[in-house]
Amino acid sequence: MKKIKFKFKIAAFILVALITGSSAGQMVAKAAEIPYETYNYNYWGDIVITPAAYVPNGSVQASDLGITDFKEPQDFCYSDDGEVYVADTGNNRIVVLNSDMSVVNRVIDTFTNADGAQDTFSAPYGVCVSENNELYVADSNNGRVVVLTPQGEFIKIIENPQSEILDDNFAFVPLKVTVDYADRVYVIAKNAFEGILVFESNGEFTGFFGTIDVKITAWEKFWRRLASKEERSNQQLYIPTEFTGIDVDDGGFIYASNIDSDGIQAVRRLNPQGNDVIQKGENSNVGGDLEFGTYGDYAGASEITDVVYRDKGIYSLLDRKRGRIFTYDKEGNLLYIFGGLGLQEGTFQTPVAIEDIGEEIIVLDAGRDSILRFKETNYGSLINEAVSLRYDGDETDAIAKWHEVLRLDENNELANSGIGKAYLTQGDNELAMKYLKLGKNRKYYSIAFKRYRNDLLASHMNYIMTGIILIILLIVLYKKFNVREKIRQKLQQKESVRREASN
Amino acid sequence: MKAFIHNLFDKDKWQYAFYTVSHPMDGFYEIRHRERGSVYVSVILVILFSVCFSINRISAGFIVNDIDPRSVNSFKELIAVLLLFFLVCVSNWSITCLMEGEGRLKDISIAIGYSLIPAIIAYIIGTIFSQFVSLDEGAFYYMILAVGVSYTLILMLIGIMTVHNFTLGKTIITVLLTFVALFIIIFVILLFFDLINQVISFFRSIYQELIFRA
């Protein structure tokens, strides 16, 4: 009897689960299915577990496609034509895959150079396809950037930058490369601490770009002052960190990632003058994890190795320390975090590069020698769409998306403040206040509150003024007729009357 | 208990606390020499200060309040404030005793307790006012708090000065020394607890050894 009851209970439970699951009509990936944690930080910097924005969607090995396996590939690039170019560094070749990465379109390992001789790559480290459909390969050990057609025919070579600002024995070892709409070439080179090297389209070196300032704390300055000259020469030099990854957005702004040991700013958005114009959001932080330990294997700030500009101001950072992918919007708000290190399917060993191919994010793993694919979930796509709508100025259309996000993730501060902002522009101050408070958006809440308060004051002005006048009148009357004094006199009179009576 | 209730409902004692705020020189003098203050009232004021402080942290308006209300524990704050009050009184007393101060422990605690009145009022007014300000008017809120707290600090200084019959310079020196004494007291207490712990664990290990061997 008991057993039957138990079975019945299970059946009922499953039924209820099925009904609620199907009626919701939305898939929220369960934590158990995903090999990593998906979380975000709330206003107070606490970790909040969120639904997954992206889930693993398989991986691509070169051996499955009929060619020899990748060997420590370091970079890849998604072209406008929908092809994926992989810089297969260890095998000295460029592998071109089709858009769903199921077919090898071609392998570029040799080309005919300007002299008509056969030429090869030596550890091609970075790869980029320009808007004009030219393939740029950072041929690191040969100290040059090779420019080819997508088919592998030679166009030109950029090498040997000449300038007074360069050190005499500076060896040009290009690591990462990107090209803007005007065919200016931006190169991250080894030991080029001054910044990103910029070349004109004719291959002429024009200068450095976006230097990272050295930070010396007052404490370090103090110790350097105490140290003698010999001690000082033995100390390590304070040199700026190098850039690690680079990408360019539609407007020609360069996104460049670097490793920030403080975990505050790991990406820069450089305008054509080379000034950083990134927005750091409410936390004033675009450096990956806000919270991290100070000792142990997982200690330290996120080490951002690559950045990808996606669309509508959204960009993603790839962290090699904990294998996380951080996605920010244009204002520097953290949208979602996913990814992790490990041996399971869908986790990384040595993530080196990240690209966006429409509905998917792909990550190149030099440890696994494969490309990992991540598919956007309903949750992820809703956030992407809502942020895109806001970027375009469609705040009202964004409300619907944000409400959907709230159904999946009730405490999403971004969604709440997104809805609040939209209500604010519509003029519904009371609702705007409610959502902006939930979204912890102090600045916009203040605007909504001020409008609400002033409206309230204006609409009830007659009552307020009447009340004030009445109160003033009462005080005046009270003083004039001296009520208190009269009461006292009366009491005294009574008292004296009583005394007389008793006497 | 009787004295407590008597003092608590004594209108004159309460009125005198406010008189001290508006006339600090005379007020503190009479606390020392005419027994017009009350330690009970002073302790109540300290508790009131702690409560107002916690209320401000929990329910000041969202626009000016950056504190996670879940992180506020008003009971812990009350204990901390009372402990600090007690420690400051004791350390000030122990310093001024050596520096020929005239004040008794009673006078010091009354002076410090009464000095908190402006801060209490500022926190209450600020909390109410914060419900009606927007971000650009937030400066007024911070101004209210700053005025209240700085008046309290000035009153404390005057209080200690008058109660002990010190000059201003000597008062400032004693205040600095008070903090030194405060740290010494805390250090000794911690040392004491640590030693007690060691002794307890010593006897416990003897006991365990005996039990395991028997």
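Just so we're clear, the structure is a prediction, and the values are computed from it rather than from any experiment. (Residues numbered from 1 in each chain as written. Chains lettered and ligands numbered in written order. Predicted model: local features only at pLDDT ≥ 70, side-chain atom pairs only at ≥ 80, totals over all residues.)

### A short note on the overall build of chain B
In step 1: When helices and strands are counted, chain B shows nine helices and zero strands.
In step 2: Order of helices (α) and strands (β) in chain B, N terminus to C terminus: α-α-α-α-α-α-α-α-α.
In step 3: Here the C-alpha atoms of chain B give a radius of gyration of 21 Å, more than 25% beyond the 17 Å that 2.2 N^0.38 yields for 214 residues.
In step 4: With respect to the principal axes defined by its C-alpha atoms, chain B has extents near 70 × 45 × 40 Å.
In step 5: Going through the 214 residues of chain B one by one, you find that 32% of them count as buried.
In step 6: In chain B, the share of contacts with a sequence separation of at least 24, taken over all contacts with a separation of at least 6, comes to 77%. (Helix = DSSP H or I, 4+ residues; strand = E, 2+ residues; numbered from the N terminus. Rg over C-alpha atoms; globule rule 2.2 N^0.38 Å. Buried ≥ 20, exposed ≤ 12 C-beta atoms within 10 Å, placed from the backbone. Contact = placed C-beta atoms within 7 Å.)

### Some words on the confidence of the model for chain B
A low pLDDT score tells you not to read the predicted coordinates there in detail.
In step 1: Looking at chain B as a whole, the pLDDT averages 92, with 100% of positions reaching at least 70.
In step 2: Listed scores for the predicted complex are pTM 0.78 and ipTM 0.79. (pLDDT = per-residue confidence, 0-100.)

### Points about the sheet that holds strand β12 (residues 144–148) of chain A
Strand pairs in the sheet, formed through backbone hydrogen bonds, run parallel or antiparallel to each other.
All names here are of chain A.
In step 1: Read from one edge of the open sheet, four strands run β10-β11-β12-β13, paired in antiparallel fashion. What marks the edges here is a single partner per strand, and that holds for β10 (124–129) and β13 (154–159). Going from strand to strand, the sheet's axes swing by 20° on average, the running direction of each strand aside.
In step 2: Sheet analysis places β12 next to β13, joined by five bridges and oriented antiparallel. When the sheet's bridge partners are listed, Arg144 is paired in β13 with Glu159. (Pairing = 2+ DSSP bridges. Axes fitted to C-alpha atoms, helices over the stretch in contact; angles between N-to-C directions.)

### Topic: the sheet that holds strand β14 (residues 174–179) of chain A
Residues and elements named next belong to chain A.
In step 1: The strand order across the open sheet formed by four strands is β14-β15-β16-β17, and the pairing between neighbours is antiparallel. Because the sheet does not close on itself, it has two edges, and the strands there are β14 and β17 (205–209). In this sheet, adjacent strand axes meet at a mean angle of 25° when their direction is disregarded.
In step 2: Sheet topology note: the β14/strand β15 (residues 185–189) ladder contains five bridges and is antiparallel. The partner of Pro174 across the bridge, within β15, is Ala189.

### Comments concerning the environment of Val60 of chain A
All names here are of chain A.
In step 1: Examined against the element boundaries, Val60 turns out to sit in strand β3 (residues 54–61).
In step 2: The exposure class of Val60 is partly exposed, given the 19 C-beta atoms found within 10 Å.
In step 3: Here Val60 is in contact with Met101, Ser370, Ile371 and Arg373, once residues within four sequence places are set aside.

### What to know about helix α6 (residues 105–115) of chain B
In step 1: For α6 of chain B, the buried fraction is high: nine of the 11 residues fall into the buried class.
In step 2: Within the sequence span of α6 of chain B, burial applies to Asp107, Ile108, Ser109, Ile110, Ala111, Ile112, Gly113, Tyr114 and Ser115 of chain B.

### Regarding the environment of Ile108 of chain B
In step 1: Mapped onto the fold, Ile108 of chain B is located in helix α6.
In step 2: Excluding residues that lie within four positions of it along the chain, Ile108 of chain B makes contacts with Cys89, Asn92, Trp93, Gly103 and Val163 of chain B.

### Focus: helix α7 (residues 117–129) of chain B
In step 1: Across its 13 residues, α7 of chain B extends 18 Å between first and last C-alpha, which sits within 8% of the 18 Å expected from 1.5 Å per residue.
In step 2: Every buried residue of α7 of chain B is accounted for by Ile117, Ala119, Ala122, Tyr123, Gly126 and Thr127 of chain B. (Expected span 1.5 Å × (residues − 1).)

### Looking at the domain arrangement of chain A
In step 1: Looking at chain A, the domain boundaries give domain 1 (53–375), domain 2 (401–459) and domain 3 (461–502).
In step 2: A C-alpha centroid distance of 84 Å is found between domain 1 of chain A and domain 3 of chain A. (Domains from an automatic or database assignment.)

### Some details on the interface of chain B and chain A
In step 1: Each side of the interface is counted separately: chain B has six residues, and chain A has nine residues.
In step 2: Looking at the side of chain B that touches chain A residue by residue, the classes come out as four nonpolar, one polar and one charged. (Nonpolar A, V, L, I, M, F, W, Y, C, P; charged D, E, K, R; others polar.)

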